[in-house]
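Descriptive structure summary
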Amino acid sequence: MYVLPPHLAKGARSYAELYSDILTTYRSSPLTSASAVTVLAATDVDALCAARMLSTLLHQDDIIHRIIPIAGVDQLLEAVEDARNNLELHTLVMLNMGAYYELGSDDWFGGVDRALRVHVIDSIRPVNLHNYYNTPNVFVWDDGSVEKANQIRKSYEINSITPDYDSDGSNIYSEDEDAHSEGDEEEDEDEYGSTSGKRRAVNNGDKPSKRRRTSHEAFRISREEQEAHRKAVKAYYKGGTTHGQSASAAIYILATVIDRVDNDLLWLAILGLTYQYTTSRISRDYYDTQHTIYDDEVSRLNPIPKEDAQASLNPDDANVRASDELRFTLFRHWTLYDAMFHSSYVASKLGIWKDQGRKRLSGLLAKIGFSIGQTQQLYAHMDMDLKRDLVHKLNEIAPEYGLVELSYPSFMRHYGYRSQPLSAADAVEGLQALMDAASGVRIDIEIEGARNGGEWFGGGRAWQANIGRDIGRKRRENEMGEQHQSTVADQGRYNAAGGPNGPDNKDLEAKRNSWWIQNFWVAYDALSNIAALREALGLSMALHRAIIRQGTSIIDKQDIKTMQGCRIAILSQGPDLALFTQPSILLRLALWLVDALREHLPAITTGSRAKRKSLPFVVACLNENTGTYMVVGVTAALEFGDVRKNEFSVSFMNARIKSNADLRHASFDGSVVEIDREVLKLFLDALCEGPQDEF
């Protein structure tokens, strides 16, 4: 069932009531171990912040709990199996996962013969209709998106009835199907059949097992009407995935209702929103709406300073303040030239992968009044007058180069005299870098002062995650448990058995890749350690350099193939190949290609649509250890800051059926899959065979 936030609940149960139920159940249960309340968190920045926020609230209420990071569907299925067998567990919270799957089916939580309550706090849309209307023990923390589902609720209920056509071709349906109360579906106790949990992302609501109801007030539905209802439900799922309210925003609303908000929780909620925007999960319009809300909260919780808002007022100043953020990557911690060079927005307008584009960038900086030496200085060491006039000069001159949307409203957190203030965008960059590459892959970071003036040259050292050795080390060891120990032990067996080609080594490879567990906890600790977070900015810079190197190489070598429904780039060699086998880093590369090439690729003329500036992008990267390809699909919005629905979760499944390929979901994003090397070509051919209007 769904539960709305207080301002939409209209007197019905809301977030606060659900949280109160968690406390009551815990305090009244004779089993109060740490496993009684479990939080499953996806490995993204929003879920990371939401987990920290929820843990803070639970600690304040003396609720023992544990947090388990979950990287993808396979790990989630294992966690669900453990939850079903854990008799002490009574509350399971799922952060940024689960909404798209039919959690009431036997593959998930159907048939559990005890009082297990599952709370789903997920930003992905659409939500499975069964979770909204037919799962009494599953609570979806909704943000109002259910209003769209309510438009086809009748179609969903009719579609769940066994067709019972009589001689005139009509079907019996009861009018009292519409008589259910919204939010409480406890009378709907009939179970639906189940399909594979991994495949439910496509046909969750299309083919439920049938059930029949009878009523004295039945009326007849023709075959045509039945088919129309079926198509309405199908269209709901196949319209493409989007993102709504962040998980951290839902927890912040809860904290507001129970009067627990402070600057720490507000900052984490801001990071969740910023992560959604900087990763193109939400549009600029949606971001502006949410930003206005947080801006009011910042004004309410923080005094308005009389002095410069960029400076800390006292040694203990931990305020959050509004600020404008330039679309230059980590510009406060990098040189101005590098920050602009690694910006996808600047890349799109200037074409920086070409010599001419780099000359235009240098010309822009010269026209503003910066010498070559000044553009190669770290921003922190630049002349104060230049920094003070930077935004004003950019607004005057940058429009000549097509750069008309150089900033967006954001926020900044102060840390007293311990550190310089840190913007929300920079904090997200650091956290995302830690979750992507704190361990599991080798990457070199630049040593400050060792560049010798060149973009591709200079001294460096291998990144090593020193953070977290003392902070929370015992907690991470407990959470990683036997899985971490088995990963280390399996390394010797893996090498002895002949590497990736040895027998049964795919399972060992999967265990060895449990790097994401350690990365999650390293990032979790960095949320409360500003020194660790600032150190991670160097890792973020190294990732951006790798993305630029790889993206530039793809464009220069003309490795992008334009097919019927999308553009495809395949990575099979290169110095950074291992880096791009990580799903989130490969996704960032795909987004950079979309942004960079949006205004430079030729328009496409099709039969059904007149012209389009760009087509969706599919990027595949070879994992030489496992013999598989990581494949991501991203949509190509026509305007910067716009977000289109991602239909690749459906397109990938259609291609799987046509090519008979075995897909493995590498994350909770249906547009990220892993596929065997031998069937990649068949899969991509099948992907491009679909009708043009499917993409």
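In case you missed it, the structure is sitting above this.
Heads up: these notes are all about the structure in this document.

It is worth spelling out the pattern of salt bridges at this point. If you walk through the whole model with that rule in mind, you get 26 salt bridges. Here E227 ties to R230 by a salt bridge, and the two come within 2.6 Å at their closest N and O atoms. Taken together, the residues E227 and R230, both in helix α9 (residues 223-238) and 3 residues apart, mark about one turn of the helix. Between K367 and E400 there is a salt bridge, with the nearest N and O atoms lying 2.5 Å from each other. Of this pair, K367 sits in helix α15 (residues 355-368) while E400 sits in the loop between α17 (384-397) and β12 (407-415), and the two are 33 residues apart along the sequence.

So, on to the state of the cysteines. Here, the word disulfide means a covalent bond between the sulfur atoms of two cysteines. For the structure on display, the rule yields 0 disulfides. Summary of cysteine pairing: C566 is not part of a disulfide, and the nearest cysteine sulfur, belonging to C688, is at 4.1 Å. Since its relative accessible area comes to 0%, C566 is described here as buried.

Across the sheet, 3 strands lie side by side as β11-β12-β13; this open sheet has antiparallel pairing. The open sheet has two edge strands with one neighbour each: β11 (320-326) and β13 (419-423). Going from strand to strand, the sheet's axes swing by 40° on average, the running direction of each strand aside. For β11 and β12, the ladder comprises 7 bridges, and the chain directions are antiparallel.

Moving on: unusual backbone geometry. In the segment running from R125 into P126, the intervening peptide bond is cis, with an omega of 10°. Examined against the element boundaries, P126 turns out to sit in the loop between β6 (124-125) and α5 (129-133). A positive phi is found at D62, a non-glycine position, where the angle reads about 60°. Within the secondary structure, D62 is located in the loop between α3 (45-60) and β3 (66-70).

This next bit is on the environment of A149. Tracing the sequence through the fold places A149 in helix α6 (residues 146-150). A C-alpha to C-alpha distance of 7.2 Å links A149 and L129, two positions 20 residues apart in sequence.

Turning our eyes to something else, we now look at helix α11 (residues 263-278). Between its terminal C-alpha atoms α11 stretches 22 Å, which fits the 22 Å expected from 16 residues at 1.5 Å a residue. Between the side-chain oxygen at the start of α11 and the backbone nitrogen of D264 there is a gap of 3.2 Å, and the oxygen is on D262. Note on α11: the residue one or two positions beyond its end, S280, has a positive phi of about 60°.

Our next topic: the packing of helix α22 (residues 530-556) against helix α23 (residues 583-597). To describe two helices that pack against each other, one gives the angle between their axes and the distance between the axes. Contact geometry of α22 with α23 gives a least axis separation of 10 Å together with a crossing angle of 55°. With respect to each other, α22 and α23 are oriented oblique. Seen along the crossing, α22 lies across α23 with a hand that is right-handed. Here L543, H544, I547, I548, Q550, G551, T552, I554 and I555 of α22 come into contact with α23, specifically with I585, R588, L589, W592, L593 and L597. Across the contact of α22 with α23, the residue classes tally to 10 nonpolar, 4 polar and 1 charged.

The next subject is the sheet that holds β3. Taken in spatial order, the 6 strands make up an open sheet running β1-β7-β5-β4-β2-β3, and their pairing is parallel. Edge positions in the sheet fall to β1 (2-3) and β3, since each of these pairs with one other strand and no more. When strand β4 (residues 91-95) meets strand β5 (residues 117-121), the two strands line up parallel, connected through 5 bridges. Along β5, the bridge assignment pairs T91 with R117. On the sheet, helix α4 (residues 73-85) packs against β2 (37-42), β3 and β4 and is oriented at approximately 145° with respect to β3.

The rules behind these values
Residues numbered from 1 in each chain as written. Predicted model: local features only at pLDDT ≥ 70, side-chain atom pairs only at ≥ 80, totals over all residues. Heavy atoms only, no water. Salt bridge = Lys/Arg side-chain N within 4 Å of Asp/Glu carboxyl O. Helix = DSSP H or I, 4+ residues; strand = E, 2+ residues; numbered from the N terminus. Disulfide = S-S within 2.5 Å. Buried < 20%, exposed > 50% of the residue type's maximum accessible area, 1.4 Å probe, protein only. Pairing = 2+ DSSP bridges. Axes fitted to C-alpha atoms, helices over the stretch in contact; angles between N-to-C directions. Expected span 1.5 Å × (residues − 1). Polar contact = N/O pair within 3.5 Å; in protein donor to acceptor, adjacent residues only side chain to side chain. Parallel < 35°, antiparallel > 145°, perpendicular 65-115°, else oblique. Left-handed = near helix turned anticlockwise from the far one by under 90°. Contact = heavy atoms within 4.5 Å. Nonpolar A, V, L, I, M, F, W, Y, C, P; charged D, E, K, R; others polar.

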